[in-house]
Amino acid sequence: MSEYLSLALSIEYIVITHRESREIIYYKTAGDFDPDILDMFRSSVQYEILDLPSEEGEIEQATLEGKYLITRAGKLVWITLILKYKPIRFTREILKFFCKLFENQYEREIQELYTKFEGDISVFRKDPYSRQSLNKEMEDIFHLYLTLPFKIGSTRRKKLPPKAKKIYQFAKVLAHKEKGQILLDNLFTEVSKSFKLSNEEIADLIYALVETEALLTISKEESKKKFPIHF
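Attention here is on the structure that accompanies the text.

For the rest of this paragraph, the subject is the side chain of Ser 44. Tracing the sequence through the fold places Ser 44 in helix H2 (residues 35–46). Looking at Ser 44, the relative accessible area reads 7%, which means it is buried. When near neighbours in sequence (up to four residues on either side) are disregarded, Ser 44 contacts Ile 49, Leu 50 and Leu 64.

Shown next, in the form of C-alpha coordinates:
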(Lines give C-alpha, C1' and ligand atoms only; values in the text may rest on other atoms or scores of the structure.)
Protein backbone atom coordinates (compact mmCIF):
# COMPACT_ATOMS: atom_id res chain seq x y z
CA MET A 1 0.00 0.00 0.00
CA SER A 2 3.00 2.31 0.42
CA GLU A 3 3.13 2.61 -3.38
CA TYR A 4 -0.20 4.47 -3.42
CA LEU A 5 1.09 7.10 -1.00
CA SER A 6 4.54 7.35 -2.60
CA LEU A 7 3.05 7.91 -6.06
CA ALA A 8 0.38 10.40 -4.96
CA LEU A 9 2.85 12.52 -3.00
CA SER A 10 5.29 12.51 -5.91
CA ILE A 11 2.88 13.70 -8.63
CA GLU A 12 2.86 17.38 -9.51
CA TYR A 13 1.19 17.19 -12.92
CA ILE A 14 -0.58 14.66 -15.11
CA VAL A 15 -0.36 15.92 -18.69
CA ILE A 16 -2.06 14.52 -21.80
CA THR A 17 -0.56 15.60 -25.13
CA HIS A 18 -2.05 15.02 -28.58
CA ARG A 19 0.62 13.16 -30.55
CA GLU A 20 -0.16 14.58 -33.98
CA SER A 21 -0.43 18.25 -33.01
CA ARG A 22 1.92 18.07 -29.98
CA GLU A 23 -0.56 20.23 -28.10
CA ILE A 24 -1.56 19.69 -24.46
CA ILE A 25 -5.21 18.68 -24.45
CA TYR A 26 -5.65 18.07 -20.72
CA TYR A 27 -3.68 18.49 -17.52
CA LYS A 28 -4.30 18.06 -13.83
CA THR A 29 -2.16 19.39 -11.03
CA ALA A 30 -1.82 17.54 -7.74
CA GLY A 31 -0.03 20.35 -5.95
CA ASP A 32 0.50 24.08 -6.16
CA PHE A 33 0.03 25.31 -9.71
CA ASP A 34 3.33 26.40 -11.28
CA PRO A 35 2.69 27.75 -14.80
CA ASP A 36 6.42 27.96 -15.53
CA ILE A 37 6.85 24.18 -15.31
CA LEU A 38 3.90 23.58 -17.60
CA ASP A 39 5.12 26.19 -20.08
CA MET A 40 8.61 24.66 -20.14
CA PHE A 41 7.11 21.24 -20.70
CA ARG A 42 4.87 22.53 -23.50
CA SER A 43 7.81 24.24 -25.24
CA SER A 44 10.04 21.17 -24.84
CA VAL A 45 7.39 19.04 -26.53
CA GLN A 46 6.60 21.53 -29.30
CA TYR A 47 10.26 22.05 -30.22
CA GLU A 48 11.08 18.35 -29.82
CA ILE A 49 13.62 18.98 -27.07
CA LEU A 50 12.24 16.08 -25.01
CA ASP A 51 12.75 12.53 -26.25
CA LEU A 52 9.21 11.19 -26.25
CA PRO A 53 8.41 7.52 -26.97
CA SER A 54 7.63 6.89 -30.63
CA GLU A 55 5.95 3.49 -30.50
CA GLU A 56 2.64 2.76 -28.79
CA GLY A 57 3.25 1.24 -25.36
CA GLU A 58 6.80 2.58 -25.03
CA ILE A 59 7.85 4.55 -21.95
CA GLU A 60 10.56 7.21 -21.71
CA GLN A 61 11.96 8.96 -18.64
CA ALA A 62 13.58 12.39 -18.52
CA THR A 63 14.25 15.36 -16.23
CA LEU A 64 13.15 18.96 -16.57
CA GLU A 65 14.24 21.76 -14.24
CA GLY A 66 14.79 19.35 -11.35
CA LYS A 67 11.54 17.45 -11.97
CA TYR A 68 11.28 13.83 -13.09
CA LEU A 69 9.22 13.02 -16.16
CA ILE A 70 7.84 9.66 -17.23
CA THR A 71 5.87 9.45 -20.47
CA ARG A 72 3.96 6.60 -22.05
CA ALA A 73 2.94 6.63 -25.69
CA GLY A 74 -0.58 5.64 -26.56
CA LYS A 75 -1.88 5.29 -30.08
CA LEU A 76 -3.08 8.90 -30.22
CA VAL A 77 -1.64 10.64 -27.15
CA TRP A 78 1.32 10.86 -24.84
CA ILE A 79 0.58 10.83 -21.13
CA THR A 80 3.26 12.34 -18.91
CA LEU A 81 3.64 12.41 -15.15
CA ILE A 82 5.72 15.30 -13.81
CA LEU A 83 7.10 14.10 -10.47
CA LYS A 84 9.04 15.35 -7.46
CA TYR A 85 10.84 12.03 -7.04
CA LYS A 86 12.23 9.31 -9.29
CA PRO A 87 9.44 7.08 -10.62
CA ILE A 88 9.15 3.61 -9.12
CA ARG A 89 7.96 0.47 -10.89
CA PHE A 90 4.44 0.98 -9.59
CA THR A 91 4.39 4.36 -11.34
CA ARG A 92 4.89 2.66 -14.71
CA GLU A 93 2.10 0.17 -14.01
CA ILE A 94 -0.44 2.86 -13.08
CA LEU A 95 0.60 5.02 -16.04
CA LYS A 96 0.07 2.09 -18.40
CA PHE A 97 -3.36 1.37 -16.94
CA PHE A 98 -4.50 5.00 -17.15
CA CYS A 99 -3.18 5.49 -20.68
CA LYS A 100 -5.16 2.53 -22.00
CA LEU A 101 -8.28 3.56 -20.10
CA PHE A 102 -8.16 7.14 -21.36
CA GLU A 103 -7.75 6.17 -25.02
CA ASN A 104 -10.51 3.57 -24.79
CA GLN A 105 -12.94 6.06 -23.27
CA TYR A 106 -12.08 9.13 -25.32
CA GLU A 107 -11.00 7.65 -28.65
CA ARG A 108 -13.69 9.48 -30.63
CA GLU A 109 -12.94 12.85 -29.00
CA ILE A 110 -9.20 12.45 -29.65
CA GLN A 111 -9.61 11.35 -33.27
CA GLU A 112 -12.13 14.10 -34.09
CA LEU A 113 -10.62 16.84 -31.93
CA TYR A 114 -9.44 18.96 -34.87
CA THR A 115 -12.37 18.13 -37.15
CA LYS A 116 -15.76 17.77 -35.51
CA PHE A 117 -14.71 19.47 -32.25
CA GLU A 118 -12.66 22.19 -34.00
CA GLY A 119 -9.80 21.91 -31.51
CA ASP A 120 -12.05 22.56 -28.51
CA ILE A 121 -10.23 20.74 -25.72
CA SER A 122 -13.03 21.53 -23.27
CA VAL A 123 -14.64 18.27 -24.48
CA PHE A 124 -12.32 16.46 -22.05
CA ARG A 125 -13.47 18.58 -19.11
CA LYS A 126 -17.20 18.07 -19.57
CA ASP A 127 -18.82 15.56 -17.23
CA PRO A 128 -20.25 12.81 -19.42
CA TYR A 129 -23.58 11.19 -18.61
CA SER A 130 -22.47 7.63 -19.18
CA ARG A 131 -19.06 7.61 -17.53
CA GLN A 132 -17.14 9.09 -14.63
CA SER A 133 -15.53 12.47 -15.30
CA LEU A 134 -11.89 12.43 -16.34
CA ASN A 135 -10.94 14.59 -13.38
CA LYS A 136 -12.54 12.15 -10.92
CA GLU A 137 -10.96 9.17 -12.66
CA MET A 138 -7.52 10.71 -12.27
CA GLU A 139 -8.12 11.38 -8.59
CA ASP A 140 -9.19 7.78 -8.02
CA ILE A 141 -6.56 6.03 -10.14
CA PHE A 142 -3.62 8.07 -8.85
CA HIS A 143 -5.03 8.30 -5.28
CA LEU A 144 -4.76 12.09 -5.36
CA TYR A 145 -7.01 12.43 -2.30
CA LEU A 146 -3.82 11.67 -0.40
CA THR A 147 -2.50 15.11 -1.41
CA LEU A 148 -5.41 16.91 0.30
CA PRO A 149 -5.01 18.35 3.81
CA PHE A 150 -5.84 15.91 6.61
CA LYS A 151 -7.12 16.31 10.14
CA ILE A 152 -6.76 14.09 13.17
CA GLY A 153 -9.39 11.40 13.58
CA SER A 154 -10.02 8.99 16.44
CA THR A 155 -8.12 5.79 17.26
CA ARG A 156 -10.80 4.58 19.65
CA ARG A 157 -11.61 0.88 19.15
CA LYS A 158 -9.01 0.65 16.40
CA LYS A 159 -6.20 -1.86 16.53
CA LEU A 160 -3.06 -0.08 15.46
CA PRO A 161 0.47 -1.50 15.70
CA PRO A 162 2.79 0.30 18.17
CA LYS A 163 4.72 2.09 15.43
CA ALA A 164 1.51 3.40 13.87
CA LYS A 165 0.41 4.72 17.27
CA LYS A 166 3.70 6.61 17.57
CA ILE A 167 3.22 8.13 14.12
CA TYR A 168 -0.34 9.07 15.10
CA GLN A 169 0.84 10.90 18.22
CA PHE A 170 3.52 12.62 16.17
CA ALA A 171 0.86 13.67 13.63
CA LYS A 172 -1.28 15.16 16.42
CA VAL A 173 1.59 17.40 17.50
CA LEU A 174 2.32 18.43 13.91
CA ALA A 175 -1.36 19.15 13.22
CA HIS A 176 -1.57 21.30 16.36
CA LYS A 177 1.32 23.41 15.07
CA GLU A 178 -0.45 23.78 11.72
CA LYS A 179 -3.76 24.90 13.27
CA GLY A 180 -5.54 21.58 12.89
CA GLN A 181 -4.57 20.43 9.43
CA ILE A 182 -1.67 18.39 8.13
CA LEU A 183 -0.28 17.47 4.73
CA LEU A 184 0.89 13.88 4.41
CA ASP A 185 3.93 15.03 2.45
CA ASN A 186 5.01 17.15 5.43
CA LEU A 187 4.19 14.33 7.85
CA PHE A 188 6.28 11.91 5.81
CA THR A 189 9.24 14.32 5.79
CA GLU A 190 9.08 15.04 9.51
CA VAL A 191 8.66 11.37 10.46
CA SER A 192 11.67 10.41 8.33
CA LYS A 193 13.74 12.96 10.27
CA SER A 194 12.58 11.79 13.69
CA PHE A 195 12.24 7.99 13.38
CA LYS A 196 14.70 5.36 12.25
CA LEU A 197 12.37 3.78 9.72
CA SER A 198 12.68 3.08 6.00
CA ASN A 199 10.72 5.27 3.60
CA GLU A 200 8.60 2.28 2.63
CA GLU A 201 7.70 1.51 6.25
CA ILE A 202 6.84 5.15 6.95
CA ALA A 203 4.57 5.23 3.89
CA ASP A 204 2.88 1.99 5.00
CA LEU A 205 2.28 3.31 8.52
CA ILE A 206 0.87 6.64 7.32
CA TYR A 207 -1.35 4.88 4.80
CA ALA A 208 -2.60 2.57 7.58
CA LEU A 209 -3.65 5.65 9.58
CA VAL A 210 -5.58 6.92 6.57
CA GLU A 211 -7.22 3.54 5.94
CA THR A 212 -8.37 3.26 9.57
CA GLU A 213 -9.57 6.89 9.52
CA ALA A 214 -7.17 7.87 12.26
CA LEU A 215 -6.33 10.59 9.74
CA LEU A 216 -9.27 12.11 7.87
CA THR A 217 -9.27 14.08 4.63
CA ILE A 218 -10.39 17.69 4.68
CA SER A 219 -12.35 18.48 1.53
CA LYS A 220 -11.28 21.46 -0.56
CA GLU A 221 -14.55 23.17 0.31
CA GLU A 222 -14.01 22.64 4.04
CA SER A 223 -10.39 23.73 3.80
CA LYS A 224 -11.33 26.93 1.98
CA LYS A 225 -13.67 27.85 4.84
CA LYS A 226 -11.38 26.93 7.73
CA PHE A 227 -7.93 27.44 6.22
CA PRO A 228 -8.30 30.00 3.39
CA ILE A 229 -4.62 30.86 3.54
CA HIS A 230 -3.75 27.52 1.89
CA PHE A 231 -6.02 27.95 -1.15
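Let us keep going from here.
This paragraph deals with the nonpolar core. One finds Ile 16, Phe 98, Phe 102, Phe 124 and Phe 142 to be the most contacted residues of the largest nonpolar core, which totals 30 residues. Mapped onto this core, the elements with two or more residues apiece are strand S1 (11–18), strand S2 (24–29), strand S5 (77–83), helix H3 (89–105) and helix H5 (134–141). Sort the elements by how many residues they give to this core and H3 lands first, with six residues. Contacts of Phe 102, omitting those with residues within four sequence positions, involve Ile 16, Ile 25, Val 77, Ile 79, Glu 107, Ile 110, Phe 124 and Leu 134.

Here we come to the pairing of S2. For S1 and S2, the ladder comprises five bridges, and the chain directions are antiparallel. By the bridge assignment for S2, Ile 14 is matched with Lys 28. Remark: five residues form the turn of the hairpin made by S1 and S2, two consecutive strands paired antiparallel; Arg 22 in that turn has positive phi of roughly 60°.

A separate point is the packing of H3 against H5. In contact at an axis separation of 11 Å, H3 and H5 are set at 160° when each is read in the N-to-C sense. When the axis of H3 is compared with that of H5, the two are roughly antiparallel. Here the hand of the crossing between H3 and H5 comes out right-handed. Contacts between H3 and H5 pair Ile 94, Phe 97, Phe 98, Leu 101, Phe 102 and Gln 105 from the former with Leu 134, Glu 137, Met 138 and Ile 141 from the latter. Of the residues belonging to the contact of H3 with H5, the class tally is eight nonpolar, one polar and one charged.

Residues of H5 that are buried include every one of Leu 134, Glu 137, Met 138 and Ile 141, and no others. Buried residues of H5, seen end-on, are gathered within an arc of 100° and therefore sit on one face of the element. Against the buried residues of H5 lie S1, S2 and H3. Note on H5: the residue one or two positions beyond its end, His 143, has a positive phi of about 55°.

Moving on, we get to the pattern of salt bridges. All told, the structure shown has nine salt bridges when counted by the stated rule. The partner of Glu 201 in a salt bridge is Lys 163, with the nearest N and O atoms 2.8 Å apart. Of the two residues, Glu 201 is situated in helix H8 (residues 199–211) and Lys 163 in helix H6 (residues 162–177); the sequence distance between them amounts to 38 residues. Judged by its relative accessible area of 27%, Glu 201 falls in the partly exposed class.

Here strand S3 (residues 59–64) runs beside strand S4 (residues 67–73); their pairing, made up of six bridges, is antiparallel. Bridge pairing in S4 places Thr 63 opposite Tyr 68. Joining the antiparallel neighbours S3 and S4 is a turn of two residues, in which Glu 65 adopts a positive phi near 50°.

The rules behind each value
- Residues numbered from 1 in each chain as written.
- Predicted model: local features only at pLDDT ≥ 70, side-chain atom pairs only at ≥ 80, totals over all residues.
- Heavy atoms only, no water.
- Helix = DSSP H or I, 4+ residues; strand = E, 2+ residues; numbered from the N terminus.
- Buried < 20%, exposed > 50% of the residue type's maximum accessible area, 1.4 Å probe, protein only.
- Contact = heavy atoms within 4.5 Å.
- Core = buried A, V, L, I, M, F, W, Y, C linked by side-chain atoms within 4.5 Å.
- Pairing = 2+ DSSP bridges.
- Axes fitted to C-alpha atoms, helices over the stretch in contact; angles between N-to-C directions.
- Parallel < 35°, antiparallel > 145°, perpendicular 65-115°, else oblique.
- Left-handed = near helix turned anticlockwise from the far one by under 90°.
- Nonpolar A, V, L, I, M, F, W, Y, C, P; charged D, E, K, R; others polar.
- Arc of directions from axis to C-beta.
- Salt bridge = Lys/Arg side-chain N within 4 Å of Asp/Glu carboxyl O.

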